[in-house]
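# Results of the structural survey
Single-letter residue listing:
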Amino acid sequence: MPSHLFADRPAPQPPERDAVDALIHRTRRLRGDVDAVRRDAVVIDEDDPQLRWQRALCDLAVHHLDDLDGHLGQLREGLPVQATGEAEPAAARERVIDPRPGSLLSRVGSAEWNLLTDEVSWSEELYEIFGRTPASGPMSLDELPSFLLPEDQPLLTSMVTACLVDGKPIDGEFRILRSDGHMRTLHMMGEPVLDADGCTASMWAVLRDVSELRRSQRAVGRTRESASREQHMARTEHRMAVELQEAVLPPWRGSLRLPRQGAGALDIAGHYLPSESSNLIGGDWYDALELPDGRTLLTVGDLTGHGIPATSAMAMILGALRGMAVAGIEPGALMGHLNQLLESTVQPALGSAVYCRFDPGTGSLAWAQAGHPAPLLFRGGAGRPLPRPEGVLLGAAPGVAYEQDEVRLLPGDVLLLHTDGLTRRRDRGAGPEALLALAPRFAQARTAQDCVRAVVEEFGGTERLDDACVLVARIGT
């Protein structure tokens, strides 16, 4: 049948592993270089704010290079698969690197509070971070909490107290509400400055505006959770589609003899081939069934779409086809009823199908098709497609009539029915030439299963664009 109107777009491809490995190597080299600079910048004069500034920047740089190394490692390994379906811990989602490390200096300010003289000094960058003008002056440690959100004030108080009283370094985050109404998230790192007697004389700190970083973390966390949910939903839908397909397609495996008694019986074998370029399950089907009057139903077909909608529609169509065939409706009229059924469904779709009815007493095969490849008849080491009676795609137009044709089959003939996904590949169309080339192998085959095996060997490993079904019937003597 024709290609879908809207083909599935190829999924975005992850970065090449070698490229990510190169980035990891460069990051670790840079981390070593920055660490060497940090060791050279050991503060000798605690009163020199420039040296303290340099050391703080080196500490920040090393910290973020470590994060970068870790996240590049995650990128190399790919998105983690949540086998249990549980949400990823929040702590893991927060480990996201700054997307613009080059702009670090523009978002970092410094401050120092002298406990002996009550002097406070702020850098120009810190005024900008707080949305204050230098004319308004710096804030003391007592004034600083007034800018914080109420729920963050205890954290700042605890960090400052631990620094001034216990000499512990400061490393924490809090949110401020500026006078212009904008909320910012700040990361504060600092240390006490001790006098000759070992008492705290002042406290210095470096404050970094990490608002954009936190926003990007939340965005990455949301997209990661969304991707995990989509993966879980895709796996669930695929499993359900497979289970539905397996429940609908014939339960028999290997060869089937129909009718089970009498001469001229068909030796039948079928096979479903999943797509080699996608894990999506389509609406392909094949079936063989002994009818109440001793004749045999043979059918294959394909519906547009993939997943549960396609397999559920396929189940409906195949169920209707079986019921009408058992009721003795002629192949052409049966196709007309299927067309009406598919057109009237809640979710209209297009489909192609072929229905053959074989009479073992006379060897006659009556058949009709709806936009589907014609059955291939193999006889005496050569193969040819049967002339197709008129028939448009199922669901394409209302009230259309489907012609049917009749052909006489001889003992030893092989009839092959297939969906067009079997032969449609990137490098060639969906013509029957490749299948017809199997005629010599079919002539040597003893059973229908041998013929199916030859088809699978020829087409099972190729890069098919769609899944496919094949049904082979060998006329007995």
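Note that the coordinates shown come from a computational prediction; the quantities given were computed from them, not determined experimentally. (Residues numbered from 1 in each chain as written. Predicted model: local features only at pLDDT ≥ 70, side-chain atom pairs only at ≥ 80, totals over all residues. Heavy atoms only, no water.)

## With respect to the overall build of the chain
- When helices and strands are counted, the chain shows 11 helices and 16 strands.
- Counting the 477 residues in the chain, one finds 45% classified as buried.
- Sequence-distant contacts in the chain: of pairs separated by 6 or more residues, those separated by 24 or more amount to 65%.
- Working note: accessible area of the chain is about 24200 Å², and carbon and sulfur atoms make up 54% of it. (Helix = DSSP H or I, 4+ residues; strand = E, 2+ residues; numbered from the N terminus. Buried < 20%, exposed > 50% of the residue type's maximum accessible area, 1.4 Å probe, protein only. Contact = heavy atoms within 4.5 Å. Areas by Shrake-Rupley, 256 points an atom, 1.4 Å probe, with all protein chains shown as cover.)

## Re the sheet that holds strand 10 (residues 351–359)
- Taken together, the five strands give an open sheet; going across it, the order is 8-9-10-11-14, and neighbouring strands pair in antiparallel fashion. The open sheet is flanked by strand 8 (285–290) and strand 14 (405–408), the only strands paired with a single partner. Each strand axis lies, on average, 15 degrees off the axis of its neighbour in the sheet, ignoring direction.
- Across six bridges, strand 8 lies against strand 9 (residues 296–303) in antiparallel orientation. Bridge pairing links Trp-285 to Gly-301 in strand 9.
- Against the sheet, helix 7 (residues 307–326) contacts strand 8, strand 9 and strand 10, and its axis sits at roughly 155 degrees relative to strand 9. (Pairing = 2+ DSSP bridges. Axes fitted to C-alpha atoms, helices over the stretch in contact; angles between N-to-C directions.)

## Some details on the side chain of Asp-209
- Looking at where Asp-209 falls in the secondary structure, it is placed in strand 5 (residues 200–209).
- Asp-209 sits in the buried class, given a relative accessible area of 8%.
- A polar contact of 2.7 Å, which involves the side chain of Asp-209, links it to the side chain of Ser-211.
- Apart from the residues within four sequence positions on either side, Asp-209 is in contact with Arg-107, Ile-129, Arg-184, Thr-185 and Leu-186. (Polar contact = N/O pair within 3.5 Å; in protein donor to acceptor, adjacent residues only side chain to side chain.)

## Some words on unusual backbone geometry
- The phi angle at Asp-118 is positive, at roughly 60 degrees, despite the residue not being glycine.
- Looking at the element boundaries, Asp-118 is found in the loop between strand 1 (108–114) and strand 2 (120–122).
- For Asp-118, a relative accessible area of 64% translates into the label exposed.

## With respect to the nonpolar core
- Judged by nonpolar contacts, the single largest core of 26 residues is most densely connected at Ile-268, Leu-298, Leu-365 and Leu-417.
- Every element with two or more residues in this core is listed here: strand 6 (256–258), strand 7 (266–273), strand 8, strand 9, strand 10, strand 11 (364–370), strand 15 (414–418) and strand 16 (468–475).
- When residues in this core are grouped by element, the largest group, four residues, is from strand 16.
- Setting aside its immediate chain neighbours within four residues, Leu-365 contacts Cys-356, Arg-357, Phe-358, Leu-386, Asp-405, Glu-406, Val-407, Leu-409 and Leu-415.
- Among the nonpolar cores identified, the runner-up in size contains 24 residues, and Leu-156, Cys-163, Ile-176 and Ala-205 belong to it. (Core = buried A, V, L, I, M, F, W, Y, C linked by side-chain atoms within 4.5 Å.)

## Structural notes on helix 11 (residues 448–459)
- For helix 11, with 12 residues, the first-to-last C-alpha span of 17 Å sits near the 16 Å given by 1.5 Å per residue.
- Within helix 11, the full set of buried residues consists of Ala-448, Gln-449, Cys-451, Val-452, Ala-454, Val-455 and Phe-459.
- Each element contacted by the buried residues of helix 11 is listed here: strand 7, strand 15, helix 9 (433–436), helix 10 (439–444) and strand 16. (Expected span 1.5 Å × (residues − 1).)

## Overview of the packing of aromatic side chains
- All chains considered together, the criterion is met by four aromatic pairs.
- Each ring, one from Trp-122 and one from Phe-130, has its centre 5.0 Å from the other, and the planes form 40 degrees; the classification is tilted. Both residues of the pair, Trp-122 and Phe-130, count as buried.
- Here the aromatic residues Trp-122, Tyr-127, Phe-130 and Phe-147 are joined through ring pairs into a cluster of three or more. (Phe/Tyr/Trp six-rings, centres within 6.5 Å; stacked < 30°, edge-to-face > 60°.)

## Quick look at the pairing of strand 11
- In terms of residue burial, strand 11 counts as a mostly covered element, since seven of its seven residues are buried.
- Neither face of strand 11 is left uncovered, since the one carrying Ser-364, Ala-366, Ala-368 and Ala-370 and the one carrying Leu-365, Trp-367 and Gln-369 both have all their residues buried.
- Here strand 10 pairs with strand 11 via seven bridges, running antiparallel. By the bridge assignment for strand 11, Phe-358 is matched with Leu-365.
- In textbook terms, the turn of a hairpin is the stretch between consecutive antiparallel strands, and for strand 10 and strand 11 this stretch comprises four residues, one of which, Gly-363, has a positive phi near 75 degrees.
- In the sheet, strand 11 pairs with strand 14 via four bridges, with the strands oriented antiparallel. Pairing of Ser-364 across the sheet is with Arg-408, part of strand 14.

## So, the pattern of salt bridges
- Applying the stated criterion across every chain, the model contains 13 salt bridges.
- As a salt-bridge pair, Glu-173 and Arg-214 come within 2.1 Å of each other at their nearest N and O atoms. Of the two residues, Glu-173 is situated in strand 3 (residues 170–177) and Arg-214 in helix 6 (residues 211–248); the sequence distance between them amounts to 41 residues.
- A salt bridge links Arg-441 to Glu-457, with the shortest nitrogen-to-oxygen separation between them at 2.6 Å. Here Arg-441, found in helix 10, pairs with Glu-457, found in helix 11; they are 16 residues apart in sequence, far enough to count as distant.
- Through salt bridges with shared partners, one network takes in Glu-151, Asp-152 and Arg-175. (Salt bridge = Lys/Arg side-chain N within 4 Å of Asp/Glu carboxyl O.)

Note that all results are geometric; they support no functional claim without further evidence.
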